[in-house]
Amino acid sequence: MEKATALYRDVLGATVSDKVPLPEHGVYTVFVELGNTKLELLHPLGEKSPIAGFLQKNKSGGMHHICIEVDDIKAAIADLKAKNIRTLSTEPRIGAHGKPVMFLHPKDCDGVLVELEEA
């Protein structure tokens, strides 16, 4: 996480937060802002971290998921369900930014884990 933080801050000139523990999500997060792009660098927090399995399979890290901002998360979920896109939970939960989020099933999104976040 420190190496990636340095890359975005020192090489690419991004605004980078301190490392923030999010025990309710099982991760440490560093928030990165670079122009109109926002990234979250994640590191496992605890043995049951949801990203631990990803890192076991991808020893050098990589992209875990993408996040798409939506105006109305419940309307977006209803629209996607009507298009046979599955979600990974029945209801949105509060994400790392304190806003409602929902993850879409990667098998329905060409192998990509997609997070929806309400604006």
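Up top is the structure.
None of the values given here were measured: they were computed from a predicted structure.

## A few points about the pattern of salt bridges
Logical step 1: This model, assessed by the stated rule, comprises 4 salt bridges.
Logical step 2: A salt bridge links arginine 86 to aspartate 108, with the nearest nitrogen and oxygen atoms 2.9 Å apart. On the criterion of sequence distance, the pair formed by arginine 86 in the loop between helix H3 (73-82) and strand E6 (93-94) and aspartate 108 in the loop between strand E7 (100-104) and strand E8 (114-118) is long-range, its members being 22 residues apart.
Logical step 3: We classify aspartate 108 as partly exposed; its relative accessible area is 23%.

## So, the packing of aromatic side chains
Logical step 1: Applying the stated criterion across every chain, the model contains 0 aromatic pairs.
Logical step 2: Over the aromatic face of tyrosine 28 sits the side chain of lysine 19, whose NZ or CZ is 4.8 Å from the ring centroid.

## Quick word on the layout of surface pockets
Any space left empty among the atoms is revealed by the rolling of a water-sized probe across them.
Logical step 1: Here the largest pocket is characterised by a volume of approximately 1,000 Å³.
Logical step 2: Residue lining of the largest pocket: 32 residues in total, with Leu39, Glu40, Leu41, Leu42 and His65 positioned closest to the centre.
Logical step 3: Mapped by element, the contributors of at least two residues to the lining of the largest pocket are helix H1 (2-11), strand E3 (27-34), strand E4 (37-44), helix H2 (52-57), strand E5 (66-70) and E8.
Logical step 4: The leading source of residues in the lining of the largest pocket is E4, at 7 residues.
Logical step 5: Along the lines of polarity and charge, the residues of the lining of the largest pocket split into 16 nonpolar, 7 polar and 9 charged.
Logical step 6: In this structure, the second largest pocket encloses a volume near 510 Å³.
Logical step 7: Lining the second largest pocket we find 23 residues, and of these Pro50, Ile51, His64, Phe103 and Leu113 sit closest to its centre.

Rules behind the numbers
Residues numbered from 1 in each chain as written. Predicted model: local features only at pLDDT ≥ 70, side-chain atom pairs only at ≥ 80, totals over all residues. Heavy atoms only, no water. Salt bridge = Lys/Arg side-chain N within 4 Å of Asp/Glu carboxyl O. Helix = DSSP H or I, 4+ residues; strand = E, 2+ residues; numbered from the N terminus. Buried < 20%, exposed > 50% of the residue type's maximum accessible area, 1.4 Å probe, protein only. Phe/Tyr/Trp six-rings, centres within 6.5 Å; stacked < 30°, edge-to-face > 60°. Lys NZ or Arg CZ within 6 Å of the ring centre and 35° of its normal. 1 Å grid on protein atoms, 1.4 Å probe; cavity = no way out; pocket = protein on both sides within 12 Å on 5 of 7 lines; lining within 4 Å. Points joined across faces, edges and corners; volume = space filled by probe spheres on them. Nonpolar A, V, L, I, M, F, W, Y, C, P; charged D, E, K, R; others polar.

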